[in-house]
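Residue-level listing of the chains:
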Amino acid sequence: MRFLILTALLFISPFSFADRKPKYSTLKTFESDGCTGFVEGTREQPKLWAHCCFEHDLRYWFGGSEENFDHSDLELRSCVDSVAGDKWANLIYRGVRAGHASPVKSKYHWAWGWLPKRNKVALSPADIVYVESELRKLSLEPAYVDAFIEKYLRN
């Protein structure tokens, strides 16, 4: 009887605890290339919406669900609209969305920061805690990080 129980535990244990181990535990160092192949402002104000693209890049770094993905692109459009108007906002939004279908991919795809590679998967509570800690390590204003976390990780 003991033999059967031990044998059963050997086969059951690895499978029952496998999903408790964090699947994604490392984020690469964050980088931003600005508005990836698109202008960051007008001729008169060359960096007018660069901050919108930076936030979008930051959001793409750690990813999340399909809903988070769509929301990030919509937030980019909203941010550009608030500083430059509907024309520029829709142009950059359509460009970003078209880029998702392009066979030529930027290294800054959705959830590009995770090792191993991760697709459109919702962040677990442990992932969120980890992402928050990594965000706080970046050379960004603490108030900006706090607002970013509130907007994207605690919604």
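Conventions used here
Residues numbered from 1 in each chain as written. Predicted model: local features only at pLDDT ≥ 70, side-chain atom pairs only at ≥ 80, totals over all residues. Heavy atoms only, no water. Helix = DSSP H or I, 4+ residues; strand = E, 2+ residues; numbered from the N terminus. Buried < 20%, exposed > 50% of the residue type's maximum accessible area, 1.4 Å probe, protein only. Contact = heavy atoms within 4.5 Å. Areas by Shrake-Rupley, 256 points an atom, 1.4 Å probe, with all protein chains shown as cover. pLDDT = per-residue confidence, 0-100. Axes fitted to C-alpha atoms, helices over the stretch in contact; angles between N-to-C directions. Parallel < 35°, antiparallel > 145°, perpendicular 65-115°, else oblique. Nonpolar A, V, L, I, M, F, W, Y, C, P; charged D, E, K, R; others polar. Disulfide = S-S within 2.5 Å.

**Observations regarding the overall build of the protein**
Then step 1. Looking only at helices and strands, the protein features six helices and two strands.
Then step 2. Counting over 155 residues, the protein shows a buried share of 34%.
Then step 3. Sequence separation of 24 or more characterises 65% of the internal contacts of the protein that already satisfy a separation of 6 or more.
Then step 4. Counting every atom, the protein has about 10000 Å² of accessible surface; 61% of that belongs to carbon and sulfur.

**Some thoughts on the confidence of the model for the protein**
Regions with low pLDDT should not have their predicted coordinates read in detail.
Then step 1. Averaged over every residue, the pLDDT of the protein is 87; the share at 70 or more is 85%.
Then step 2. Confidence drops under pLDDT 50 across residues 3-21; counting only partners more than four residues distant or on other chains, this segment forms one contact.

**Brief notes about the packing of helix α2 (residues 50-62) against helix α3 (residues 66-84)**
Then step 1. Contact geometry of α2 with α3 gives a least axis separation of 9 Å together with a crossing angle of 170°. It follows from the interaxial angle that α2 and α3 lie roughly antiparallel. Of the residues in α3, those in contact with His51, Cys52, Cys53, His56, Arg59 and Tyr60 of α2 are Asn68, Phe69, Ser72, Asp73, Leu76, Cys79, Val80 and Val83.
Then step 2. For the contact of α2 with α3, the per-class residue count stands at eight nonpolar, four polar and two charged.

**Here we look at the state of the cysteines**
Then step 1. Scanning all chains against the criterion turns up two disulfides.
Then step 2. Paired through a disulfide, Cys35 and Cys53 show a sulfur-sulfur distance of 1.8 Å. Taking the torsion about the S-S bond as the criterion, the Cys35 to Cys53 disulfide, at about 95°, is right-handed. Taken as a pair, Cys35 in the loop between β1 (26-27) and α2 and Cys53 in helix α2 lie far apart in primary sequence, 18 residues in all.
Then step 3. Cys53 gets classed as buried once you look at its relative accessible area, which sits at 3%.
Then step 4. The residue that forms a disulfide with Cys52 is Cys79, at a sulfur-sulfur distance of 2.0 Å. Where Cys52 bonds to Cys79 through sulfur, the torsion about that S-S bond is close to -75°, and the disulfide is left-handed.

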